[in-house]
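# Tertiary structure, described
What follows is the residue order along each chain.
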Amino acid sequence: MPKDSYLVGLIGSGIGPSLSPALHEREADRQGLRLLYRLIDIDPLGVPPEAVGDLVRAARDLGFDGLNITHPCKQLVTEHLDALAPQAEALGAVNTVVFEDGRAVGHNTDVTGFAASFARGLPDAPLERVVQLGAGGAGAAVAHATLTLGAERVTVVDALPERAAALAGSLNRAFGQGRAAAAPPERQAELLAHADGIVHATPTGMAAHPGLPLPADLLHPGLWVAEVVYRPLETELLRTARALGCATLDGGGMAAFQAADAFRLFTGREPDAARMLTDLTELAGVVGAPN
């Protein structure tokens, strides 16, 4: 039987601006639950991302019910867990850990979060040729989601060629040969000239990492552009793409829907995902606009 009091947290780097605490605590309040959401930022702690295993163990020992995991720990945390849900195992990345009977079980709600956001925000977007920028933990999730949504082919571009190749390989094993490919940044111009859309899954554009993840002149009106970054909701990439007439999707939907799925895992209660999306838009507008 579900409890009425929960302690959860977020492990990551530079997470001070995260809206996750407010999203989870607001939804808990509406459901008559007491939920405390704590930030565990490795930067002020002075520990490397590889310390994520120690932090997970400490949280479990301190009585936490679960954790969210974000950049740069989503892939590193997997080896420190007792079990992985099938989707997290397929991805090799975890963004939600639930403590059950002393065991730490890893899940990934980024996949379902992005898929729900894309279906809602870009329902008619063509998906024959998709270029994805970024092959990290978030990149693995959104690439899986994009192929699940029906994309014929996703080409992954990353500054680390071996990381892009590893993700493309895992995607082909999961979805069938030829569904994914890897490419170096030098091929972006050629790829984008013939692409239907771009999925951006790197930290570039966040408040702490401003700028564009690619040269602006590679964008053209025939592309749709989907963003993973949600702080700010309007990144420089989205602003530039909209000015050119591209259809765009901000990162708010993914953030809200993955939080709703995580809330369900933490509490066993059904969240109001639409209300959580409204919360996120409101919170990001209040505290995120200048960033």
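In this text the structure is predicted, and so the values were computed from the model without any measurement. (Residues numbered from 1 in each chain as written. Predicted model: local features only at pLDDT ≥ 70, side-chain atom pairs only at ≥ 80, totals over all residues. Heavy atoms only, no water.)

Now for the UniProt feature "binding site: NADP(+)" (unreviewed entry) in the protein. Mapped onto the present numbering, the UniProt feature "binding site: NADP(+)" (unreviewed entry) falls at Gly-134, Ala-135, Gly-136, Gly-137, Ala-138, Val-228 and Gly-251. From the list above, the largest pocket is lined by Gly-134, Ala-135, Gly-136, Gly-137, Ala-138, Val-228 and Gly-251. The exposure class of Ala-138 is buried, given its relative accessible area of 18%. If we ignore the near neighbours within four places in the chain, the residues touching Ala-138 are Lys-74, Ala-201 and Val-228. Residue position: Gly-251 is located in the loop between strand E12 (247-249) and helix H10 (252-267). Using a relative accessible area of 0% as the deciding quantity, one classes Gly-251 as buried. Those residues in contact with Gly-251 that lie beyond four places of it in its chain are Glu-227, Val-228, Val-229 and Tyr-230. (UniProt positions renumbered as here; feature names shortened; annotations may be inferred. 1 Å grid on protein atoms, 1.4 Å probe; cavity = no way out; pocket = protein on both sides within 12 Å on 5 of 7 lines; lining within 4 Å. Buried < 20%, exposed > 50% of the residue type's maximum accessible area, 1.4 Å probe, protein only. Contact = heavy atoms within 4.5 Å. Helix = DSSP H or I, 4+ residues; strand = E, 2+ residues; numbered from the N terminus.)

What follows covers the side chain of Ser-170. Along the chain, Ser-170 falls in helix H7 (residues 161-175). A distance of 2.9 Å separates a polar atom in the side chain of Ser-170 from the backbone oxygen of Leu-167. (Polar contact = N/O pair within 3.5 Å; in protein donor to acceptor, adjacent residues only side chain to side chain.)

Right, let's talk about the environment of Gly-92 for a bit. Within the fold, Gly-92 resides in the loop between helix H4 (86-91) and strand E5 (96-100). When neighbours within four sequence positions are excluded, Gly-92 is seen to be in contact with Lys-74, Gln-75 and Thr-78.

Empty space within the largest pocket amounts to approximately 910 Å³. Contributing to the lining of the largest pocket are 40 residues, with Thr-70, His-71, Lys-74, Ala-138 and Met-206 lying nearest its centre. (Points joined across faces, edges and corners; volume = space filled by probe spheres on them.)

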